[in-house]
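Tertiary structure, described
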Amino acid sequence: MKKLLFMAVCLASSLMASAQTAETFQPYKSTSLRLPSVPLVLSDPYFSIWSPYDVLTEGNTRHWTNDEKPLEGLVRVDGTVYRWMGASQHISMESIVPMAEEKAWEAQYTRQKPADGWQKPEFDDSSWNHGTGAFGSDNYINIHTAWSEENSDIWVRRTVDITAEQLTSDLYLMFSHDDACEIYINGTQVAKGQMTYMDGVQVRLDGDKAKLLKPGKNVIAVHCFNKTGGALVDFGIFKNVAKNSNDIKTARQKSVDVLATNTYYTFEAGPVDLDVVFTAPMIMKDYDLMSSPINYISYQVRSKDGKAHSVQFYVSASALQAVNKPAQPTVTERVKAQGTEYLKTGTIEQPILAKTGDGICIDWGYFYLSGKNGELALGNDEVVKSGFVNEGKAVTGEQKVFAYKSADIPTMAYIHDFGTTTQASSYMMLGYDEIYDIEYFYKRYKGFWAHEGNVSIFDMFNRLANSYASIMDRCRKQDKTIYDDGFAAGGVKYAEILSASYRHVNAAHKLFRDDEGNILYFSKENNSNGCVNTVDLTYPEAPLYLCYDPVLQKGMMTSIFEYSYSGRWTKPFAAHDLGQYPKANKQVYGGDMPLEEAGNMITLAAQICKLEGDTKYVEKYWDIITTWADYLVENGLHPANQLCTDDFAGHWAGNCNLAIKAIMGVAGYAELAKMKGLNDVYAKYNAKAKEMAAAWEKETKVKDHYELAYGAGQDTWSQKYNMVWDKLWGTNIIPNNAMQTEIKYYLKKQNVYGLPLDCRKDYTKSDWIMWTAAMADSDKDFLKFVDPLYKYINETQSRVPISDWSDTKTGDMVGFKARSVIGGYWMRVLAKKLGK
């Protein structure tokens, strides 16, 4: 029955489908914000492809972990081929100066800051240590010289011989690093690595870079800084021996605009312009589309000179989309279903839901390239690409390819021949079927879109094909909603920040339905510890979903309530998490956060019930919520040495912001009691919250602000972002205008890239900045917080999906990336929707 209903929707949608309109390729608003990493193809924590470059051809597309998930885009115009996306799909590299995987290498190094000019060939490094590369910590392979200390530097000089003949090749610098690095060839900087681990980064040595190398001896010099965790320095020079590489020109990128569901690019390719739109159909309240494992790439060519031109369009991928590590054996094949041909790839092993962890990629399920609207080619990269470069056609190629090592991975290509035209457009689709997406309380579940297995990946491809025009129209409307709400609440910069963050937040979740029919929406704690459905992610990201779909907010909370209701969790406060993604069976985090998580859950439950106008959501869990509220009453005013969501900053007994969270949790419980008609309970807990708040205000006030912790002194301070609920609810729990006292003080403490989290470090959490900013009474003060955040996102050199933990003086990432917590950026939109 479910499949019949689904197919009926598909048929109805197909009747509404129409040709692409001009609006398809025009963003609702042009944007100026330069993102550190641009969202391209996004669905969930595993199917997530980004471009960490200003120009789409600067390098290969990547997963948020920084693993390469290369997509290559070409367009052929009157026989001339232009690259518009990525590096070559299969650059066949042959070493000239090998990296450690091939051969250990000799170098001079020092751990002490050297004199100026250390990177120049003539510098005397005879006093430095002699070592063998690679350099780094033992969690990496091929390490020959140890270097692992946190907050430490290493300088390395490697002298290499290169022949005149080798210099005529298509040369690349390749390097791996952890963390930030800078690389010089004969004294000139040619590359800079961001503050994170990167493997196999390629920099083409063309133009002025090609002139840096000379016949004979050359010096490659590297400075690397290890912030925390693993450390690594490895580098070499390689030549590209793939054919056709010099036959492909680079299209000139003219613009990029990022809206909520769409990323728009325009390129100049000789006599035509090429428009490309990447679309993730994340439409709020449409759970089939919110969970869709399929994205669109729409494309249009337009003649610039009014003449007709012969145009062919090309996008390729490979089995790297479906592996955790490139060495995993894969199988790639042609399949046909429901009248459409597909290319399908995945690992041979198929270890479904076998791996848990943080910085890992999926290695089960299958990546699909649909042949809808085009032809498909499968085979050796040189063969596939030659067919396109020479004739603009898809070669017949292979039917099925087994690859037992990465060098044998075939290319999967989609090719659309427009023929001769002045203007034409179409679209393609790519998707990922995870087979089983998540394990919850020891049972495996598929994504919501699959309707418990009644809808296949091919059914879903058909729905998106038949509904293309209507879905694209709805995506545009979603873009408009997000932008307009942001603009109304905080102007252009705020609107652009929200537009850039929407897919980022949603793609950090998995949407599914359990056996009881509950819609569940589990986050993955990306680049933190990989926990699934962490409550102190659910809390900071809540504003986005409280604004647009409280059902999804409940989808993050219901399982935590059920964990206690079922008796699996028996402590008098909420659990921290449900496991490590993708297994949500029990808490795995090593330490509890009692006040943090109890306060988070009660506060969010109160806000949900206020939005829904009743307490139906909490009726089943009322006794549990009461137990948690009583814990807050007993322990919240003067917190013990407990962990809180800002656990990276360490424990601190008497944490003033944590006390405010507890106080607002008690106030939230009182609000719920009032809605339930329990007036005596409301009176008791509301009075208690006000009593606690009065004591807090009296004990923590130090001159013109409130201290970091009880007794910490007047030189300490912290963001008290948990106060914001008092404003949103109009409860007047916190006395003496403490909220505006804090805002006034914070504005004196900002650095160039934002407000620090507290007085201890220069780093901040940008989600909390926007919670804090929402406490401001005036638009003028709110914008004083927005401007530095915009500047940080626009200028940071940490080329990752927005890092929420960054240095307010340097703009560098400290830790965390691609996390859902930046849903907190919507706090002021929520306040405006509530009339505050």
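Residues numbered from 1 in each chain as written. Predicted model: local features only at pLDDT ≥ 70, side-chain atom pairs only at ≥ 80, totals over all residues. Heavy atoms only, no water.

1. With respect to the pattern of salt bridges
Just so we agree on the cut-off: A pair is scored as a salt bridge if a Lys or Arg side-chain nitrogen falls within 4 Å of a carboxyl oxygen belonging to Asp or Glu. Think of it in three bands: residues with accessible area under 20% of the maximum for their type are buried, residues over 50% are exposed, and the middle band is partly exposed, with areas taken using a 1.4 Å probe on protein chains only. A run of DSSP states H or I qualifies as a helix once it reaches four residues; a run of E qualifies as a strand once it reaches two. Both are numbered from the N-terminal end.
In total, this model carries 53 salt bridges according to the counting rule given. Put simply, Glu68 and Arg62 hold a salt bridge, and the shortest N to O gap is 3.3 Å. Judged by relative accessible area, which is 24%, Glu68 ranks as partly exposed. Among the ionic pairs, Glu452 bridges to Arg513, the shortest N-O distance being 3.4 Å. Here Arg513 lies in strand S32 (residues 509-513) and Glu452 lies in the loop between strand S31 (443-445) and helix H4 (457-466), a separation of 61 residues in the sequence. One salt-bridge network, in which partners are shared between bridges, spans Glu525, Lys765, Asp767, Asp804 and Arg819.

2. Let's talk about the packing of helix H9 (residues 594-612) against helix H11 (residues 622-635)
This is how the line gets drawn: An axis is simply a line fitted to the C-alpha atoms; with a helix, the fit covers only the stretch in contact. Between two such axes, the angle follows the N-to-C directions and lies from 0 to 180 degrees. Angle categories: roughly parallel below 35 degrees, roughly antiparallel above 145, roughly perpendicular from 65 to 115, and oblique for all the rest. With the far helix as reference, a near helix turned anticlockwise by less than a right angle produces a left-handed crossing, and one turned clockwise produces a right-handed crossing. Contacts are assigned to residue pairs that have any heavy atoms within 4.5 Å of one another. Classification convention: Asp, Glu, Lys, Arg as charged; Ala, Val, Leu, Ile, Met, Phe, Trp, Tyr, Cys, Pro as nonpolar; all other residues, Gly among them, as polar.
Contact geometry of H9 with H11 gives a least axis separation of 10 Å together with a crossing angle of 130°. In terms of orientation, H9 and H11 fall into the oblique class. In this structure, H9 crosses over H11, and the sense of that crossing is left-handed. Listed contacts from H11 to Pro594, Leu595, Ala598, Gly599, Met601 and Ile602 of H9 are Ile625, Trp628, Ala629, Tyr631, Leu632 and Asn635. Each residue belonging to the contact of H9 with H11 can be placed in one class, and the counts come to 10 nonpolar, 2 polar and no charged.

3. Description of the environment of Tyr184
Position of Tyr184 relative to the elements: it lies in strand S12 (residues 181-185). Using a relative accessible area of 9% as the deciding quantity, one classes Tyr184 as buried. Between the C-alpha atom of Tyr184 and that of Leu212, which follows or precedes it by 28 residues, the distance is 9.7 Å. Setting aside residues up to four positions removed in sequence, Tyr184 forms contacts with Trp118, Gln119, Gln189, Val190, Val219, Ile220 and Ala221.

4. What about helix H12 (residues 656-676)?
Put simply, the test is: Between the first and last residue of a helix there are one fewer steps than residues, each counted as 1.5 Å, and that sum is the expected span. Each polar contact in these results corresponds to two N or O atoms within 3.5 Å; when the atoms are within protein, one needs to be able to donate a hydrogen and the other to accept it, and residues that are neighboring in sequence are counted only if both atoms are side-chain atoms.
Over its 21 residues, H12 runs 31 Å from end to end, which matches the ideal 30 Å to within 8%, given 1.5 Å per residue. With respect to burial, H12 is a largely interior element, 18 of its 21 residues being buried. N-capping of H12 is provided by Asn655, with a side-chain oxygen placed 3.0 Å from the backbone N of Asn657. The first or second residue beyond H12 is Gly677, which carries a positive phi of 85°.

5. A look at unusual backbone geometry
That bond from Asp178 to Asp179 is cis: its omega, 10°, falls within 30 degrees of zero. In this fold, Asp179 is placed in the loop between strand S11 (171-178) and S12. Omega for the peptide link from Tyr581 to Pro582 comes to 10°, which places this bond in the cis form. Its place among the elements puts Pro582 in the loop between helix H8 (550-565) and strand S34 (583-584). Phi at Asn151 is positive, roughly 55°, even though this residue is not glycine. Structurally, the position occupied by Asn151 is in the loop between strand S9 (145-146) and strand S10 (152-162).

6. With respect to helix H17 (residues 779-795)
The terminal C-alpha atoms of H17, which comprises 17 residues, lie 24 Å apart, in line with the 24 Å expected from a rise of 1.5 Å per residue. If you check which residues of H17 are buried, you get Phe782, Phe785, Val786, Pro788, Leu789, Tyr790, Tyr792 and Ile793. Tucked inside the fold, the buried residues of H17 contact helix H5 (468-506), helix H15 (738-746), helix H16 (766-773), strand S38 (805-807) and helix H18 (827-833).

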